[in-house]
Amino acid sequence: MSDRDDGLYADQASPVYGQDPEKNSTRAGNYEHVHIHGLETSPDTSLHRGLKARQISMIAIGGALGTGLIIGTGKSLAQAGPGSLLISYLAMGFLVSMVMGSLGEMAAFLPLAGFSSYASRYCSSSLGFATGYTYWFKYIITTPNQLTSLAICFQFWVPRETVNPGVFIAIFLVLIVVINYLGIELFGELEFWLSSFKIIILLGIILFSLVIACGGGPNGDAPGFRYWHNPGAFAELYDTGALGKFLGFWSVMVNATFAYLGTELVGVTAAEAQNPRRNIPRAIKLTFIRICVFYILSVFLLGMIVPYNSPELSFANKASVGASASPFVVAASVAGVKFLPHLINACIIIFVLSASNSDLYIASRTLYSIASDGNAPAIFKRTNKRGVPYPALFLCSAVACLAFLNVSTSSTVVFGYFVNLVTIFGILTWISILITHLFFLRARRAQNIPDSSMPYVAPQGYWGTAIALFFTILVSLTKNFDVFIHTPARQFDYKNFITGYLGIPLYILLFFGHKLLTGSRILKPHEVDFLTGKDIIDQQEKEYLEEQEAKRANAEGAHKFYDRYVSWLF
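All chains use their own residue numbering, which begins from 1 and follows the written sequence. The predicted nature of this model means local features are confined to residues of pLDDT at least 70 and side-chain atom pairs, given and counted, to a pLDDT of 80 or more, with totals for whole chains, interfaces and linings taken over all residues. Hydrogens and waters are ignored; side-chain quantities use all the structure's heavy atoms.

**Some remarks on the confidence of the model for the protein chain**
- Summarising the model, the protein chain shows a mean pLDDT of 81, and 85% of its residues fall at 70 or more.
- The predictor attaches a confidence to each residue, called pLDDT, with possible values from 0 through 100. Counting from the N terminus, the helices are the DSSP runs of H or I reaching at least four residues and the strands are the DSSP runs of E reaching at least two. Per-element confidence in the protein chain is highest for helix α15 (residues 390–399), whose mean pLDDT is 94, and lowest for helix α21 (residues 557–566), whose mean pLDDT is 60.
- Here, two residues are considered to be in contact whenever any of their heavy atoms come within 4.5 Å of each other. Throughout residues 1–29 the model reports pLDDT below 50, and contacts reaching past four residues in sequence, or to other chains, amount to 62 contacts.

**Some points on the environment of Ser358**
- Examined against the element boundaries, Ser358 turns out to sit in helix α14 (residues 340–372).
- C-alpha of Ser358 to C-alpha of Ile59: the two residues are 299 residues apart in sequence and 8.7 Å apart in space.
- Not counting the four nearest positions on each side in its chain, Ser358 is found in contact with Phe187, Glu191 and Leu265.
- Two N or O atoms form a polar contact when they lie within 3.5 Å of each other; inside protein one atom must be a possible hydrogen donor and the other a possible acceptor, and for residues adjacent in sequence the pair counts only when both atoms belong to side chains. Side-chain polar atoms of Ser358 contact the backbone oxygen of Ala355, separated by 3.1 Å.

**Some thoughts on the side chain of Ser397**
- Topologically, Ser397 is positioned in helix α15.
- Once residues lying within four places of it in the same chain are set aside, the contact partners of Ser397 are Leu173, Val177 and Leu360.

**Quick look at unusual backbone geometry**
- Of note, the bond from Asn230 into Pro231 is cis; its omega dihedral lies within 30 degrees of zero at 20°.
- Looking at the secondary structure, you find Pro231 in helix α8 (residues 226–232).
- Even without glycine at this site, Asn275 takes up a positive phi of about 45°.
- Within the element layout of this structure, Asn275 appears in the loop between α10 (265–268) and α11 (276–305).
- One non-glycine residue, Asn448, lies in the positive phi region at around 55°.

So this is what it looks like as structure tokens:
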């Protein structure tokens, strides 16, 4: 039990908030007649808590570190300049921290299987339905897209004419399915090492950029802040003057948002985390610190070593993925470094492999969560002896075969429309998390549940969450603002408009459609259930802490050294 718990929850047989005490007879481990959103108690449907603290910590940052940083920043730099690039990533970093804080407070209090379960429990079952399916749609399309990116990366070394990209897609699809099927312990360990490699790679890129900025490249040139003055810190986009610079800045705000998508992965792992009340908040705090180090420092140094009007940067932005699309390869070329493209391409493969593996994991666990909420067939919440929801995994794996569409160049365009359609679902999930947190806080206040009884409290509070919600909605509405900008060389792009914004009315349709068909309503603050299932988590936490205390008491040698001097890093 957390040392912050007080007498409010001392009696685990006390009535559940919002329910008739005479009808509530549930006690720890006896929930046969109570449906608990996102918390399964049957051995046939339960997930296993196999993710260790170090694994959760690395998975949390690994979910955020993707190709958006080492590839997508090139387009942002070319459109807006180094000043806009730095400010935008800083601003979105603070927004991400508030989203993560909101998620962390709810997940630490009662770790459930997914975002839809929090929305159903604290706000409305219709919001849970819309959140679950939009998030699932995103990842069943993102997974095959990542597999396609892997195949393209290998084409940097092996031409399409020599080896069909479908070969690489098949190999890596089988690989990630096997990894996910063999259990959360294997998945967590592999993601720990892949995320560790990501961090080492980014540290190397940061060190390389710093050396180049200080004149350590083969040509001996030390650009410093030269490119901030010439061609300048703020580029003009679509127009001249202040308006053009603002449009450039806002385009980077949108790009930065999607570069940060994936940080919420730690919320999906809460249901399979050991001691989640301690490990989830710790992972979230470390995620924010690492975002500041890796994202902010990387884009700051990138703006020092590549001018935003570089012809080579313009050429790189025409590539979709691979070393040729990375602005850091452009920086190496400008500085006279020749060996970097192959190394960057190998690094990108590691990034994308980790992303495809975790995307399939998210897709299967999201479908499991939807089924646990009662919004999908019950077969999808069945698990095997390793705690893997194998029917959900098999269905998501079958959908991932859409990646083979990209073997045919004629199908690639159609698949690209799917990708553009579902990218909005990531930010709609952030919106759902923030809305749910507002209802969570409102209910806590109405039921007199103090901060002192919470394992973790989001630092931004109610109004910080409301402000974050406003800006997140603003970004979602303006993500494809460029389709409305008309110039002699630029006409209205209706295809980009439809695929870019169709996700928003679909999300709204799912919410109101479910509400109309089921008659669900938004929960009033006093009706929100904070207690059902909490005793299960309390008991699991107590048993885990006792087990860990026994292990520490008997630890010797390397294990004792790790517990005392290394474990704090994670």
